[in-house]
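Below, each chain spelled out in residue letters.
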Amino acid sequence: QVQLVEFGGGVVQSGGSLRLPCIASGISFSNVDMGWYRQAPGTQRDLVASISRVGSTYYTDSVKGRFTISRDNVKSTVYLQMNSLNPEDAAVYYCHKPRGYYGPEYWGQGTQVTVSS
């Protein structure tokens, strides 16, 4: 009954923007940290950004100043706003809930982001 569902992927020109929502169900959303990962072909799945239950954020160096993670606890949704996209940002983006007191980790199904140059 736990589900994370990402939306918002697509094709965007270099320099453009996308906003990815992840809708969570079956979890105590307001009490857990959430994160966004990405995986490009032939690469490891890496953490892009995370946000704590109280709104503290983390970003990997390559996206600092360009990406913003946020959350809406009323809607049980975490967002990744991606600006100034470049081809190196192209990947499948995954929503993630880490393991913790409120249960095991969960992954979304992934959404494809393609950046054309």
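Each remark here, short or long, concerns the structure printed above.
Residues numbered from 1 in each chain as written. Predicted model: local features only at pLDDT ≥ 70, side-chain atom pairs only at ≥ 80, totals over all residues. Heavy atoms only, no water.

### Things to note about the overall build of the protein
This is how the line gets drawn: Strands are runs of DSSP state E lasting at least two residues, helices are runs of H or I lasting at least four, and both sets are numbered from the N terminus onward. Within these notes, the globule rule equals 2.2 Å times the number of residues to the 0.38 power, and the radius of gyration is based on C-alpha atoms. Relative accessibility under 20% of the residue-type maximum defines a buried residue, over 50% an exposed one, and the middle range a partly exposed one, all with a 1.4 Å probe and only protein chains included. Only heavy atoms matter for contacts: two residues are in contact if any of them lie within 4.5 Å across the pair. Surface accessibility in these figures is a Shrake-Rupley result with a 1.4 Å probe; residues are shielded only by whichever protein chains are displayed. For the purpose of counting charges, residues Lys and Arg are taken to be positive, whereas Asp and Glu are taken to be negative. His and the chain ends are not included. Lysine's charge is taken at NZ, arginine's at CZ, aspartate's at CG and glutamate's at CD.
Secondary structure summary: the protein contains zero helices and eleven strands in total. Element order for the protein, N to C, with α for helix and β for strand: β-β-β-β-β-β-β-β-β-β-β. For the protein, the C-alpha radius of gyration of 13 Å lies close to 13 Å, the compact-globule estimate for 117 residues. Burial statistics for the protein: of 117 residues in total, 43% are counted as buried. Once local pairs closer than 6 in sequence are excluded, the contacts in the protein between residues at least 24 apart make up 54%. When the accessible surface of the protein is summed, it comes to about 6200 Å², and 48% of that surface belongs to carbon and sulfur atoms. The average position of the 10 basic charges and that of the 8 acidic charges among the side chains of the protein differ by 6 Å.

### As for the pattern of salt bridges
Stated formally: One speaks of a salt bridge when a side-chain nitrogen belonging to Lys or Arg is within 4 Å of a carboxyl oxygen belonging to Asp or Glu.
Applying the stated criterion to the full structure yields three salt bridges. With a closest N to O distance of 2.9 Å, Asp61 and Lys64 form a salt bridge. The exposure class assigned to Asp61 is exposed, which follows from its relative accessible area of 60%. Here Asp89 makes a salt bridge to Arg66, at a shortest N to O gap of 2.7 Å.

### Considering the state of the cysteines
Defined as follows: Cysteine sulfur pairs qualify as disulfides if the two atoms are within 2.5 Å.
A complete count under the given rule lists one disulfide for this structure. Between the sulfur of Cys22 and that of Cys95 lies a disulfide, 2.1 Å long from S to S. Judged by the sign of its S-S torsion, about -85 degrees, the bond between Cys22 and Cys95 is left-handed. With Cys22 in strand E3 (residues 18–25) and Cys95 in strand E9 (residues 91–97), this residue pair connects regions lying 73 residues apart in the sequence. Across the pair, exposure class does not vary: Cys22 and Cys95 are buried alike.

### As for the packing of aromatic side chains
For any two aromatic rings, the description comes down to two numbers: the centre-to-centre distance and the angle of the planes. Rules: Pairing of aromatic rings covers Phe, Tyr and Trp, the last counted by its six-membered ring, and requires centre-to-centre distances within 6.5 Å; plane angles under 30 degrees mean stacked, over 60 mean edge-to-face, and any other angle means tilted. We call a charge positioned over a ring when the NZ of a Lys or the CZ of an Arg lies within 6 Å of the ring centre and within 35 degrees of the ring normal.
Tallied over the full model, the rule gives three aromatic pairs. The interplanar angle of 70 degrees and the centroid separation of 4.9 Å between the aromatic rings of Tyr37 and Trp107 together place this pair among those described as edge-to-face. With Tyr37 in strand E4 (residues 34–39) and Trp107 in strand E10 (residues 106–107), this pair connects stretches of sequence that are 70 residues apart. The buried category is assigned to Tyr37, whose relative accessible area is 18%. Between Tyr101 and Tyr102, the aromatic rings sit 5.2 Å apart at their centres with planes inclined by 80 degrees, giving edge-to-face as the arrangement. Since its relative accessible area comes to 47%, Tyr102 is described here as partly exposed. Three or more aromatic residues link up through ring pairs in this structure, and these residues are Tyr37, Tyr94 and Trp107. Lying over the aromatic face of Trp107, Arg45 brings its terminal NZ or CZ to 4.7 Å of the ring centre. Arg71 extends its terminal NZ or CZ atom over the ring of Phe29, reaching a point 4.6 Å from the ring centre.

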